[in-house]
Structures are given as structure tokens and as C-alpha cells.
Amino acid sequence: MTAYSFLFDHGFTRVDPERAHRLGFRAVRAARPVLARRRTPGRPVSAMGLTFPNVLGLAAGFDKNAVGIDALGALGFGHVEVGTVTGQPQPGNPKPRLFRLTADRAVVNRMGFNNDGAEAVAARLAARGRRSVAEGGPVLGVNIGKSKVVPEEQAVRDYEKSARLLAPHADYLVVNVSSPNTPGLRNLQAVDKLEPILVAVRREAGSVPLLVKIAPDLADEDVLAVADLATAIGLEGIIATNTTISRDGLASTSEQVAAAGAGGLSGPPLTGRADKVLRMLRDRVGDALTLIGVGGVTTVEDAQARLDAGADLLQGYTAFVYEGPGWPRRIVRGLP
Ligand SMILES: Cc1cc2nc3c(=O)[nH]c(=O)nc-3n(C[C@H](O)[C@H](O)[C@H](O)COP(=O)(O)O)c2cc1C
């Protein structure tokens with residue numbers, strides 16, 4: 001058994017979750033020279049003018065600071081979305097801020113966008129250099145969010161700054177307005193607040209494909225309003241969904257749920273709503289936009305169901321944590 005699979009299989013269920021993440025991620029990076037010799041599995045997908053090596057990507061939040069893109073790609077992810085990166089560096093919320101609800105194979109997090117900030121991440125990406133898919137690298141998404149200290153009225157400038165610094169290094173850019181862990185962030189999903197942000201970021205991003213990532217907790221009519229706005233502005237796509245603040249339908253006891261506390265819930269309990277949001281979006285936008293389906297995708301059947309609901313591409317995070325480093329390859333190989 002390799003060091004990294006040991007950590008994933010054993011560490012991730014016993015050690016403090018944030019420490020397990022750090023150790024597991026470090027082991028994946030250390031294993032890169034061995035992993036890099038393996039061919040990326042799956043069939044290529046063309047979307048947004050890009051060729052993705054396969055349909056499955058790693059969702060934002062795992063590699064917040066863009067330190068392990070190629071190691072994660074070597075595990076079989078066809079794309080890696082780094083971030084969320086904010087205009088200013090920030091420490092995130094006090095620890096503990098990451099919890100497992102093992103009975104649901106779910107995670108609750110209130111990380112609060114701990115990250116090195118747009119300048120540092122841009123410098124790191126510049127040092128890595130542009131690595132194309134032809135050279136064996138994954139497609140690189142960069143997800144940007146609002147700095148906590150920046151008031152809502154100045155959100156446009158904060159997103160603009162991150163876009164200006166990071167778009168030159170990204171294959172695609174994502175405006176994240178859907179994390180539950182930055183106070184007020186999700187208010188920016190209201191069309192009148194979202195429009196100026198997307199217009200400004202679009203300007204900074206130039207020809208880099210731009211997507212918006214939405215919460216599963218939006219009312220249906222608000223999902224449709226974002227879809228219409230994305231179409232009107234000419235975004236390339238929508239990522240659905242982020243984590244939920246709902247705690248409905250969990251197998252974990254109310255004590256376990258209470259012990260985790262506030263934050264975004266991810267994993268299988270999210271599947272139903274994430275699937276429905278994807279279906280609504282596809283019905284609304286037709287073939288015009290690329291839709292990335294994320295939320296609870298765990299098995300090959302889940303992956304196929306989300307593709308059937310209209311997703312062009314898929315992402316996962318929580319299943320990777322529970323299932324370990326072989327997970328992306330298993331899913332991609334299991335799909336037709
Ligand atoms: C610990 C953790 C941190 C996350 N951080 C971010 C983040 O910084 N930005 C973001 O857009 N989504 C973040 N997410 C949300 C995931 O990208 C994804 O949308 C969500 O977890 C649903 O997918 P899953 O059920 O496959 O985990 C985070 C999720 C987790 C579990």
C-alpha cells in the first residue's frame with residue numbers, strides 16, 4: 001500500500017479532517033513522479049473551446065492555493081479547479097471548521113475562503129507555466145470569490161482585481177457567489193448584484209471562458225434568473241452546485257449534526273437538489289451554455305445520472321475524500 005492510499009483509507013476517517021486533508025494532499029503531491037507516468041483515463045470532452053481530457057474534474061476548495069494541480073491531474077482528473085482565491089489573502093474561519101458526517105458520507109465545512117490571495121496564487125501559476133492538455137496537464141479552472149473584509153458595495157472591484165491577476169493563467173475562470181461561509185456572499189446571486197460583477201469580470205477575463213457557480217439553496221425562479229443573466233451576458237457556463245445550508249434528510253443523529261455546526265454540507269445528501277438544479281438549467285439554456293454538474297456525485301451511476309440530467313462536465317470533492325485517490329480513475333473508467 002502506498003503512503004497516500006494509506007492516508008486516504010485510514011487517516012481520513014480517524015485524524016482531524018483538516019489535518020488529514022493536509023497530509024493526504026501532501027502525500028499526493030509527493031507521489032506525483034510515480035503517478036505522472038500513467039495515462040489520463042477516459043474520453044475527451046470539447047466544451048467552451050477547450051478539450052478536456054475526460055469528463056470529471058476536481059471541484060474548487062481542495063487545492064485552494066494552486067499547489068498540486070499536476071499531481072491531482074495525474075490521479076485521473078481531467079480538470080482541476082483551484083481556489084476559491086480572493087483579492088486579498090485571508091486566514092479563513094477559526095478551527096475546527098471541517099467536519100465529517102460519516103453516516104451520510106458527507107462533509108460540513110465553514111473554511112471561509114482561507115487562501116494566499118490573488119497576487120500570490122497568480123505568481124505561483126506563472127511559475128508553473130502554462131501546461132497544455134497535449135503535454136499531459138489537466139484543464140485548469142480558477143475560481144474567484146470576494147475577500148471577507150471587502151464590503152458588498154465594493155465587491156465588483158475585488159472580483160475585478162482577482163480576474164485581472166488570475167485570468168491570464170487560467171483555462172477557464174469561475175465567479176463564486178455561492179459559498180455559505182462568507183457573510184453576505186450569496187446575496188450577490190441576486191441578478192441586480194450579480195450583473196455588474198459578471199460584466200466587470202468578463203471585461204478583465206477577455207477571451208478566457210467565464211462561468212458562475214451557484215448555490216443549491218436558490219429558489220427555482222432565482223436559478224432560472226441566473227440562467228437568463230448568464231445567457232444575456234454571454235457567459236460560457238454555469239457550475240451547479242456549491243454546498244447547501246440545508247440539513248434535511250440526514251442519517252446522522254441530530255447531536256452529530258449539531259456538533260458539526262454551521263457551514264456548507266456536501267456529499268450524497270446534496271444529490272437530489274443538485275440534479276434538479278442541473279436539469280432546470282439545461283431546460284432553460286438549451287445547448288447554449290456549458291453546464292458543470294457537481295454535488296454528491298459518488299458512483300458511476302451518479303455520474304451517469306448527472307450527465308443524463310444535462311451536464312457536459314462533472315466535478316466532485318467529497319467522494320474523493322471518502323473514496324480515496326483511486327476514485328477519479330474508477331469513475332472515469334466506469335463511464336461508457
Ligand atoms: C472542505 C470544502 C471546501 C470547499 N471550498 C470551496 C471553495 O473554496 N470554493 C467553491 O466554489 N466551492 C468549495 N467547496 C464546494 C465544492 O467545490 C462542491 O461544490 C461541493 O462540495 C459539492 O460537491 P461534492 O458533493 O462532490 O463535494 C468546498 C467543499 C468542501 C467540502
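Predicted model, so just to flag it, every value in this text is computed and none were measured.

Caption draft 1: Spatial organisation of the sheet that holds strand 9 (residues 210–214). If you trace the eight strands once around the closed barrel, you get 3-4-7-8-9-10-12-13, paired in parallel fashion. Between one strand axis and the next, the sheet turns through 25 degrees on average, direction left out of account. Across two bridges, strand 3 (residues 56–58) lies against strand 4 (residues 79–86) in parallel orientation. Among the inter-strand pairings, glycine 57 is bridged to a residue of strand 4, identified as histidine 79.

Caption draft 2: Inspection of the site of the ligand at higher detail. Near the ligand lie 25 residues; those nearest to it are Ala60, Thr84, Lys213, Gly296 and Thr318. One of the backbone N or O atoms of glycine 267 is found 2.9 Å from an oxygen atom in the ligand. Measuring from an oxygen atom of the ligand, one finds a backbone N or O atom of tyrosine 317 at 3.0 Å. Computed on the free molecule, the ligand has an accessible area of 610 Å², of which 97% lies beneath the protein chains in the complex. Elements represented by at least two residues in the shell around the ligand include exactly strand 4 and strand 6 (106–109). Its residues assigned to classes, the shell around the ligand shows eight nonpolar, 15 polar and two charged.

Caption draft 3: The pairing of strand 10 (residues 237–240), seen in detail. Neither face of strand 10 is open: one carries Gly237 and Ile239, the other Ile238 and Ala240, and all of them are buried. Bridging between strand 9 and strand 10 involves four bridges; their strand directions are parallel. Directly across from leucine 211, in strand 10, lies its bridge partner glycine 237. In this fold, strand 9 hands off to helix 8 (residues 220–233), which returns the chain to strand 10; that crossover is right-handed. Two elements, strand 10 and strand 12 (residues 290–294), share four bridges in a ladder whose sense is parallel.

Caption draft 4: The arrangement of the packing of helix 7 (residues 191–205) against helix 8 in detail. In the contact formed by helix 7 and helix 8, the axes pass within 11 Å of each other and the chain directions differ by 30 degrees. Classed by the angle they form, the pair helix 7 and helix 8 counts as roughly parallel. The interaxial crossing formed by helix 7 with helix 8 has right-handed handedness. Facing Val191, Leu194, Glu195, Leu198, Val199 and Arg202 of helix 7, the residues of helix 8 in contact are Ala225, Val226, Leu229 and Ile233. Within the contact of helix 7 with helix 8, the residues separate by chemical class into eight nonpolar, no polar and two charged.

Caption draft 5: Region of the structure containing unusual backbone geometry. Omega for the peptide link from glycine 83 to threonine 84 comes to 10 degrees, which places this bond in the cis form. With respect to the helices, strands and loops of the structure, threonine 84 is situated in strand 4. In this chain, alanine 240 is followed by threonine 241 through a cis amide linkage whose omega measures 15 degrees. Tracing the chain through its elements places threonine 241 in the loop between strand 10 and helix 9 (254–260). Unusually for a residue other than glycine, phenylalanine 113 sits at a positive phi of about 55 degrees. Among the structural elements, phenylalanine 113 can be located in the loop between strand 6 and helix 5 (118–128).

Caption draft 6: Region of the structure containing the sheet that holds strand 5 (residues 98–101). Ordered by their spatial adjacency, three strands build an open sheet running 5-6-11, and the pairing between neighbours is antiparallel. Only two strands of the sheet have a single neighbouring strand rather than two, namely strand 5 and strand 11 (264–266). Each neighbouring strand pair of the sheet contributes to a mean axis angle of 20 degrees, computed without reference to strand direction. Across three bridges, the pairing between strand 6 and strand 11 is antiparallel. Residue pairing across strands places valine 108 opposite leucine 265, the latter belonging to strand 11.

Conventions and cut-offs
Residues numbered from 1 in each chain as written. Predicted model: local features only at pLDDT ≥ 70, side-chain atom pairs only at ≥ 80, totals over all residues. Heavy atoms only, no water. Pairing = 2+ DSSP bridges. Helix = DSSP H or I, 4+ residues; strand = E, 2+ residues; numbered from the N terminus. Axes fitted to C-alpha atoms, helices over the stretch in contact; angles between N-to-C directions. Near = heavy atom within 4 Å. Polar contact = N/O pair within 3.5 Å; in protein donor to acceptor, adjacent residues only side chain to side chain. Areas by Shrake-Rupley, 256 points an atom, 1.4 Å probe, with all protein chains shown as cover. Nonpolar A, V, L, I, M, F, W, Y, C, P; charged D, E, K, R; others polar. Buried < 20%, exposed > 50% of the residue type's maximum accessible area, 1.4 Å probe, protein only. Right-handed = clockwise from strand over helix to strand, strands pointing away. Parallel < 35°, antiparallel > 145°, perpendicular 65-115°, else oblique. Left-handed = near helix turned anticlockwise from the far one by under 90°. Contact = heavy atoms within 4.5 Å.

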